[in-house]
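One letter stands for each residue in the lines below.
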Amino acid sequence: MFQTKSNQSQTIRLMNKLFILLASFLISSCSFFGQEDDPAITPAELEDFESRVELERLWVTKTGSKKEGYLITLRPFVSREHIFIADYEGKVISLDPETGKKNWESDLDTNLSGGVGYAFGTVYVGNLEGQVFALNEESGSLIWSTTVSSEVLARPNSNGKVVIINSIDNQMVALDVKTGDLIWKHDGDAPILSVRGVSDSIVTDTMVISGFDSGKLISFNASNGSINWETRVALPKGRTELERMVDIDGAPILIGDVIYVVSYQGNLAAYSRGTGSNLWFQDASSHFSPTHLNNRVFITDEDDSVVAFNAGNGRIDWSNEKLFLRRLTGPTVVSSYVAVGDFEGYVHLLDASDGSFVGRTRVERSGITASLSSYRDILFVHSDKGTFSAYKIR
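Summary of the structure given here.

Rules of the game
Residues numbered from 1 in each chain as written. Predicted model: local features only at pLDDT ≥ 70, side-chain atom pairs only at ≥ 80, totals over all residues. Heavy atoms only, no water. Helix = DSSP H or I, 4+ residues; strand = E, 2+ residues; numbered from the N terminus. Buried < 20%, exposed > 50% of the residue type's maximum accessible area, 1.4 Å probe, protein only. Contact = heavy atoms within 4.5 Å. Areas by Shrake-Rupley, 256 points an atom, 1.4 Å probe, with all protein chains shown as cover. Salt bridge = Lys/Arg side-chain N within 4 Å of Asp/Glu carboxyl O. Pairing = 2+ DSSP bridges. Axes fitted to C-alpha atoms, helices over the stretch in contact; angles between N-to-C directions. Phe/Tyr/Trp six-rings, centres within 6.5 Å; stacked < 30°, edge-to-face > 60°. Lys NZ or Arg CZ within 6 Å of the ring centre and 35° of its normal.

**Details of the overall build of the protein**
Phase 1 of the analysis: Counting its secondary structure elements, the protein contains two helices and 32 strands.
Phase 2 of the analysis: Burial analysis of the protein (394 residues in total) assigns 58% to the buried set.
Phase 3 of the analysis: Taking contacts inside the protein between residues at least 6 apart in sequence as the whole, the part at least 24 apart equals 47%.
Phase 4 of the analysis: A total accessible area of about 17100 Å² is found for the protein, and carbon and sulfur atoms account for 48% of it.

Spelled out as structure tokens, the structure:
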């Protein structure tokens, strides 16, 4: 439906994405499966500790087929009233947060790759071909579908007037929430190489704030797409294109009037929402969104350390390096703790004040790739086996 770039340009970009995905796999394989006699490049063994918190499982349900490469981008939407889950083969499911019982299931008969977004009564998902689907929250029935320029990997977000879609070719579009018609679009600067991933956008009544593969953070007028301000979270450095990657793949977060965002091989930074002025920055590298609690910002860095920064000045408050190379998920705040999952299916709870371990449980031996979700003192875990479970903090 929308005007797309030339087939040649799109093919080049897709080849670049495939190349960097392969390169990332080879690099990670060297880290995870290095020589057994070299402890520096093998995943850390879990240390015993005195548990102070219990993770009590409330319920578990099977949600569909697993597709580990897409569990990172097909993240459930969780709130007090709703849980919406999507799987790679096209199923979108609504669950009761209290019991885990299914409210409805919709089969879109397509390979889904991005979502789940929810706002103002509508559920949004996207697929490999760039199709975007809007579903009714009560029944799962299709409201509309439309096609954007390329594969959708980000969670669609909406302010009730527009829904923002970020696609893998660095294009962002604003669609009418009632019809799916195009309102405005933005073509981002695409580097030669980038990590396979796309950042979600922050969408408010008046602003859209998005991070791009170029390392730029841009604020747009939500109604017409005009640029309010733009800044660079990180500048490319190094001789090779691999060294120069500074993708923003983790969604920025908005706390009050401050935006926190982290890039790969770049910085964790804080910006003023109104002007985009930089408040502070620190060297950091992560593919995941930061999270915030009690004047601290938490990230999972590329070496699988969990790091806490002072939200006011960016200084490091603590760093837990005891989960080195355990392929951690991004950090999630639950109650007064920070939670991460790992490649062996463990969920680790850390004290948000000092980073010490306070609780641990093994959910599935298959591992946990998708970032965890939470609501108050309930933690929700989507395992690589395809199960979805709820745990209460005791």
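**Quick word on the pattern of salt bridges**
Phase 1 of the analysis: Under the counting rule described, the total for this entry stands at 14 salt bridges.
Phase 2 of the analysis: Among the ionic pairs, Glu-47 bridges to Lys-322, the shortest N-O distance being 3.6 Å. Here Lys-322 lies in the loop between strand E25 (316–320) and strand E26 (332–334) and Glu-47 lies in the loop between helix H1 (7–32) and strand E1 (55–62), a separation of 275 residues in the sequence.
Phase 3 of the analysis: Judged by its relative accessible area of 45%, Lys-322 is partly exposed.
Phase 4 of the analysis: Between Glu-56 and Arg-394 there is a salt bridge whose closest N-O contact spans 2.4 Å. With Glu-56 in strand E1 and Arg-394 in the segment after strand E32 (387–393), this pair connects stretches of sequence that are 338 residues apart.
Phase 5 of the analysis: Residue classification places Arg-394 among the partly exposed residues on the basis of a relative accessible area of 47%.
Phase 6 of the analysis: Salt bridges sharing common partners tie together Arg-75, Arg-155 and Asp-200.

**Overview of the sheet that holds strand E18 (residues 253–255)**
Hydrogen bonds between backbone groups are what pair the strands of a sheet, and the pairing can be parallel or antiparallel.
Phase 1 of the analysis: Strand order in this open sheet of four strands is E18-E19-E20-E21, and the pairing throughout is antiparallel. Strands at the two margins of the open sheet, each flanked by one partner only, are E18 and strand E21 (278–284). Averaged over all pairs of adjacent strands, the angle between strand axes in this sheet comes to 20°, irrespective of strand direction.
Phase 2 of the analysis: The sheet contact formed by E18 and strand E19 (residues 258–262) spans three bridges and is antiparallel. Opposite Ile-253, over in E19, you have Tyr-260 as the bridge partner.

**Thoughts on the packing of aromatic side chains**
Phase 1 of the analysis: Under the defined criterion, the tally for this structure stands at 13 aromatic pairs.
Phase 2 of the analysis: Three or more aromatic residues link up through ring pairs in this structure, and these residues are Phe-77, Phe-84, Trp-104 and Tyr-118.
Phase 3 of the analysis: Across the ring face of Phe-357, the terminal group of Arg-360 is positioned such that the distance to the ring centre comes to 5.2 Å.

**Quick notes on the side chain of His-186**
Phase 1 of the analysis: Secondary-structure assignment places His-186 in strand E13 (residues 182–187).
Phase 2 of the analysis: If near-sequence neighbours (up to four positions away) are discounted, His-186 is found in contact with Asn-170, Gln-171, Met-172, Phe-212, Ile-218, Phe-220 and Ile-227.

**Some words on the sheet that holds strand E16 (residues 216–221)**
Phase 1 of the analysis: The four strands are arranged E14-E15-E16-E17 in an open sheet whose pairing can be described as antiparallel. Two strands bound the open sheet, and with one partner strand each, they are strand E14 (202–203) and strand E17 (227–232).

**Digging into the pairing of E32**
Phase 1 of the analysis: Of all the seven residues making up E32, seven are buried; the element is thus mostly covered by neighbouring parts of the structure.
Phase 2 of the analysis: Here E32 shows no split at all, with Thr-387, Ser-389, Tyr-391 and Ile-393 on one side and Phe-388, Ala-390 and Lys-392 on the other all buried.
Phase 3 of the analysis: When E1 meets E32, the two strands line up antiparallel, connected through seven bridges. Note on E32: the bridge partner recorded for Glu-56 is Lys-392.
Phase 4 of the analysis: Alignment of strand E31 (residues 378–382) against E32, held across five bridges, turns out to be antiparallel. Opposite Phe-380, over in E32, you have Ala-390 as the bridge partner.
Phase 5 of the analysis: Where E31 folds back onto E32 in an antiparallel hairpin, the turn is made up of four residues, including Gly-386, whose phi is positive at roughly 100°.

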